[in-house]
Amino acid sequence: FRNIIINGDMSIAQRGTSASAISNGYSTCDRWRTQRQIGAFTQSQSTDVPSGQGFANSLKMDCTTADASPSSSNQLSIHQRIEGQMLQYIKKGTSNAESLTMSFWVKSNKTGTYTAEIFDEDNTRQISKTYTISSADTWEKKTITFEGDTTGTLDNDNARSFEVTWWLGAGSNFTSGTLNTTWNSNTTANRVSSSQVNIADSTSNEWYITGVQLEA
């Protein structure tokens, strides 16, 4: 169980393999939750995967109604919630706190800057990092390291402690500050890069992800 992420290869989709006009909640691939207040999207368990990497499925977001100017409080993201009892070994809130490395395969026609975030729900702390999709319609592997946090221990229970998020669009409430690239108390304006792309700005836009790992 080295990988903190569950169903990172998108192989399990017990709710169904496609959902249109998705809202906030779980739609297709197990454990992957959508937060959508920007545009309209169809989400699916796709068979489009990076060649030769051992994956059979990916999660696909397909824009069906564009929204090029989202309201300030609106957001578009997918995330996974992690129970505190699954995270005790990372020793968060101690002097021995472990760094976490996130890796994943991603593909989109929409190149540019994206934001990945870990939010500590128990202590209202967060850290964000950016990654870049450089080539349109090309699978790219991304690796991001989040430093260990020596502040704020996690509850040892089955409630949500971490929310690991991939941002796909955000209103100005989330992007108007300075990106919080080290662990800190949450400030909403510092959660998402000011350069974050909006994949809802055209119905031509698609975004895929698979092979997600998060490891100490």
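As a reminder, the structure under discussion sits directly above these lines.
Values in this document were obtained by computation on a predicted structure and should not be read as measured data.

Asker: Can you explain the overall build of the chain? Please cite residues and give values.
Answerer: The helix and strand tally for the chain stands at 1 helix and 13 strands. When the elements of the chain are put in sequence order from the N terminus, they spell out β-β-β-β-β-β-β-β-β-β-β-α-β-β. Taken over C-alpha atoms, the radius of gyration comes to 16 Å for the chain, in line with the 17 Å a tight globule of 216 residues would show. By its C-alpha atoms, the chain is 45 × 40 × 30 Å across when sized along the principal axes. In the chain, buried positions account for 51% of the 216 residues.

Asker: Lay out the sheet that holds strand β1 (residues 18-19) with the relevant residues and their values.
Answerer: Taken together, the 6 strands give an open sheet; going across it, the order is β1-β4-β5-β13-β7-β10, and neighbouring strands pair in antiparallel fashion. One side of each edge strand has no neighbouring strand; the edge strands of this open sheet are β1 and β10 (140-146). One ladder, built from 7 bridges, connects strand β7 (residues 100-108) with β10; its direction is antiparallel. Note on β10: the bridge partner recorded for L100 is F146.

Asker: Outline the packing of aromatic side chains, listing residues and values.
Answerer: Applying the stated criterion across every chain, the model contains 7 aromatic pairs. On the basis of an interplanar angle of 15° and a centroid distance of 5.4 Å, the ring pair of Y114 and Y131 is categorised as stacked. Within this pair, whereas Y114 is found in strand β8 (residues 112-120), its partner Y131 is found in strand β9 (residues 125-133), the two being separated by 17 residues in sequence. For the pair Y114 and Y131, a shared accessibility class is recorded, and that class is buried. With 6.0 Å between their ring centres and 25° between their planes, F162 and W183 make a pair best called stacked. Of this pair, F162 sits in strand β11 (residues 160-170) while W183 sits in the loop between α1 (172-175) and β12 (184-185), and the two are 21 residues apart along the sequence. We classify F162 as buried; its relative accessible area is 0%. When its relative accessible area of 11% is taken as the criterion, W183 is described as buried. Put simply, the rings of W32, F104, Y114, Y131 and W166 pair up and form one aromatic cluster.

Asker: So what's going on with unusual backbone geometry? Which residues, and what values?
Answerer: We note that R31 has phi near 75°; this positive angle belongs to a residue other than glycine. Counting through the fold element by element, R31 comes out in the loop between β2 (25-26) and β3 (33-36). Residue classification places R31 among the partly exposed positions, given a relative accessible area of 32%.

Asker: I'd love a proper account of empty space enclosed by the protein, names of residues and values included.
Answerer: According to the stated counting rule, one finds 1 cavity of 30 Å³ or more in the structure shown. Size it by volume and the largest cavity reaches roughly 50 Å³. Taken together, I90, K92, E98, L100, F146, E147, G148, D149, F162 and W183 form the lining of the largest cavity. By residue class, the composition of the lining of the largest cavity is 5 nonpolar, 1 polar and 4 charged.

Asker: Break down the side chain of N205 for me, with residues and values.
Answerer: Inspection of the secondary structure puts N205 in the loop between β12 and β13 (206-215). N205 gets classed as buried once you look at its relative accessible area, which sits at 3%. At a separation of 3.0 Å, a polar atom in the side chain of N205 contacts the side chain of N109. Within polar-contact distance, the side chain of N205 engages the side chain of D201 at 2.7 Å. The contact partners of N205, leaving out residues within four places of it in the chain, are M61, D62, C63, N109, K110, N198, I199 and A200.

Cut-offs applied
Residues numbered from 1 in each chain as written. Predicted model: local features only at pLDDT ≥ 70, side-chain atom pairs only at ≥ 80, totals over all residues. Heavy atoms only, no water. Helix = DSSP H or I, 4+ residues; strand = E, 2+ residues; numbered from the N terminus. Rg over C-alpha atoms; globule rule 2.2 N^0.38 Å. Buried < 20%, exposed > 50% of the residue type's maximum accessible area, 1.4 Å probe, protein only. Pairing = 2+ DSSP bridges. Phe/Tyr/Trp six-rings, centres within 6.5 Å; stacked < 30°, edge-to-face > 60°. 1 Å grid on protein atoms, 1.4 Å probe; cavity = no way out; pocket = protein on both sides within 12 Å on 5 of 7 lines; lining within 4 Å. Points joined across faces, edges and corners; volume = space filled by probe spheres on them. Nonpolar A, V, L, I, M, F, W, Y, C, P; charged D, E, K, R; others polar. Polar contact = N/O pair within 3.5 Å; in protein donor to acceptor, adjacent residues only side chain to side chain. Contact = heavy atoms within 4.5 Å.

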